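Here are the chains, one letter per residue:
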Amino acid sequence: MTSSDALPFPLDILYQDQHVVILNKPAGLPVHTGPAGGPCVEQYFPQLSRRKEGPWLAHRLDTETSGCLAIALRKQPLLTMQQAFATKTAQKTYWAVVAGGPTTDTGEIDLTLLKQSSRDKGWRMVASPKGDAARTSWRVLGREAGLCWLELTLHTGRTHQARVHCAAMGWPIIGDSLYGTQHPQGLHLLARSLVLPFTPPLSVTAPPRAGMTAALKACGWQSDD
């Protein structure tokens, strides 16, 4: 782990070699600078490489989602990772704590998603037959009264896919202010693991952030330590 006094978040590195870095992105940090400015993951790039070209984001995470985020330090691994995400040979697994939860222990959500905009509420993703195909598999890892801990596998990479799919099923992710209800500890969604099809394959796991641990422990999770 490295850090800089000039930047608002410490840089938590889960894996690094000369080709790729996997960050444990903190919740609340966007990957790109937004219209209002402010800190973002790209501001940390000078810490990762002094090369004239790069680094480059290989994929994205929502601002409020924490966990595994892949960054390429060279062009060829960037192309390899982009191809892996496009062909779904990169394996991404998420953990979510949801309100209520499914009645069975495994299942799949197949709902097409459409970006919908309005002047007063901005934009959001909605389930719509006019949208793009989106498929999410889920598995229950633990339960507690009113809560459920899910492992989610996203077979497509639509914006806000996990959040919209869970909300559409009637069990919104805890702390989802857009599709559910706010929570003092924020969105309970973690990009838990990432497997990239390098030779040999690269597998990285991110620990839950502090704000998620109380709900996870209530559902039966035991610390990785």
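Residues numbered from 1 in each chain as written. Predicted model: local features only at pLDDT ≥ 70, side-chain atom pairs only at ≥ 80, totals over all residues. Heavy atoms only, no water.

Visitor: For the nonpolar core, give the residues involved together with the corresponding values.
Guide: Core analysis: the biggest nonpolar cluster contains 32 residues, and V41, L48, V98, L150 and L152 have the highest contact counts within it. Only β2 (20–25), α1 (45–48), β4 (66–72), β5 (91–99), β9 (135–144), β10 (147–154), α3 (161–168) and β11 (189–196) provide two or more residues apiece to this core. In terms of residue count, the dominant contributor to this core is β10 (four residues). Those residues in contact with V41 that lie beyond four places of it in its chain are L23, K25, L29, P30, V31, L57, L69 and I71. Judged by nonpolar contacts, the second largest core, of 26 residues, contains V20, L78, A90 and W149. (Core = buried A, V, L, I, M, F, W, Y, C linked by side-chain atoms within 4.5 Å. Buried < 20%, exposed > 50% of the residue type's maximum accessible area, 1.4 Å probe, protein only. Helix = DSSP H or I, 4+ residues; strand = E, 2+ residues; numbered from the N terminus. Contact = heavy atoms within 4.5 Å.)

Visitor: I'd like to hear about α3, residue by residue, with values.
Guide: Judged by how many residues are buried, α3 sits mostly within the fold: six of eight residues are covered. The set of residues buried in α3 consists of Q161, A162, R163, V164, H165 and C166. G170 sits one or two positions beyond α3 and adopts a positive phi of about 95 degrees.

Visitor: Report on the side chain of T156, specifying residues and quantitative values.
Guide: Among the structural elements, T156 can be located in the loop between β10 and α3. Within the structure, the side chain of T156 is placed 2.9 Å from the backbone nitrogen of R135, a separation counted as a polar contact. There is a polar contact of 2.8 Å between the side chain of T156 and the side chain of Q161. (Polar contact = N/O pair within 3.5 Å; in protein donor to acceptor, adjacent residues only side chain to side chain.)

Visitor: Could you give an account of the pairing of β10, naming the residues involved and the relevant values?
Guide: Bridge count between β5 and β10: seven bridges; the pairing is antiparallel. Following the sheet pairing, Y94 is matched in β10 by L152. Here β9 folds back onto β10 in antiparallel fashion, the turn holding two residues, of which G146 has a positive phi close to 85 degrees. (Pairing = 2+ DSSP bridges.)

Visitor: Describe the side chain of K92, listing the residues and the values that go with them.
Guide: Residue position: K92 is located in strand β5. Buried charge without a salt bridge: K92, with D62 as the nearest opposite-charge side chain at an N-O distance of 9.7 Å. Every residue in contact with K92, bar those within four places of it in the chain, is listed here: H59, F85, L152, T153, L154, S193 and L194. (Lys, Arg positive; Asp, Glu negative; His and termini not counted. Salt bridge = Lys/Arg side-chain N within 4 Å of Asp/Glu carboxyl O.)

Visitor: An account of the environment of A206 is requested, with residue identities and associated values reported.
Guide: Along the chain, A206 turns up in the loop between β12 (202–205) and α4 (210–218). Judged by relative accessible area, which is 1%, A206 ranks as buried. For the pair A206 and F85, spaced 121 residues apart in sequence, the C-alpha separation works out to 19 Å. Apart from residues lying up to four places away in sequence, A206 is in contact with L14, N24, G67, C68, L190, A191 and R192.

Visitor: So what's going on with the packing of aromatic side chains? Which residues, and what values?
Guide: Here a ring pair, both rings aromatic, is described through the centre-centre distance and the interplanar angle of the planes. Scanning the model with the defined rule gives two aromatic pairs in all. Considering the side-chain rings of W95 and W149, the 5.1 Å spacing of their centres and the 80 degrees angle between planes classify their relative orientation as edge-to-face. Of the two residues, W95 sits in strand β5 while W149 sits in strand β10, which places them 54 residues apart along the sequence. On the accessibility criterion, W95 (8% relative accessible area) is buried. Pairing W138 with W171 gives two aromatic rings, centres 5.7 Å apart and planes at 75 degrees, and the pair type is edge-to-face. You can see W138 sitting in strand β9 and its partner W171 sitting in the loop between α3 and β11, a full 33 residues away along the chain. W171 shares its class with W138; the two are buried. Here the basic side chain of K115 rests over the ring of W123, its NZ or CZ set 4.5 Å away from the ring centre. Above the ring of W95, the side-chain terminus of R192 is found at 4.0 Å from the ring centroid. (Phe/Tyr/Trp six-rings, centres within 6.5 Å; stacked < 30°, edge-to-face > 60°. Lys NZ or Arg CZ within 6 Å of the ring centre and 35° of its normal.)

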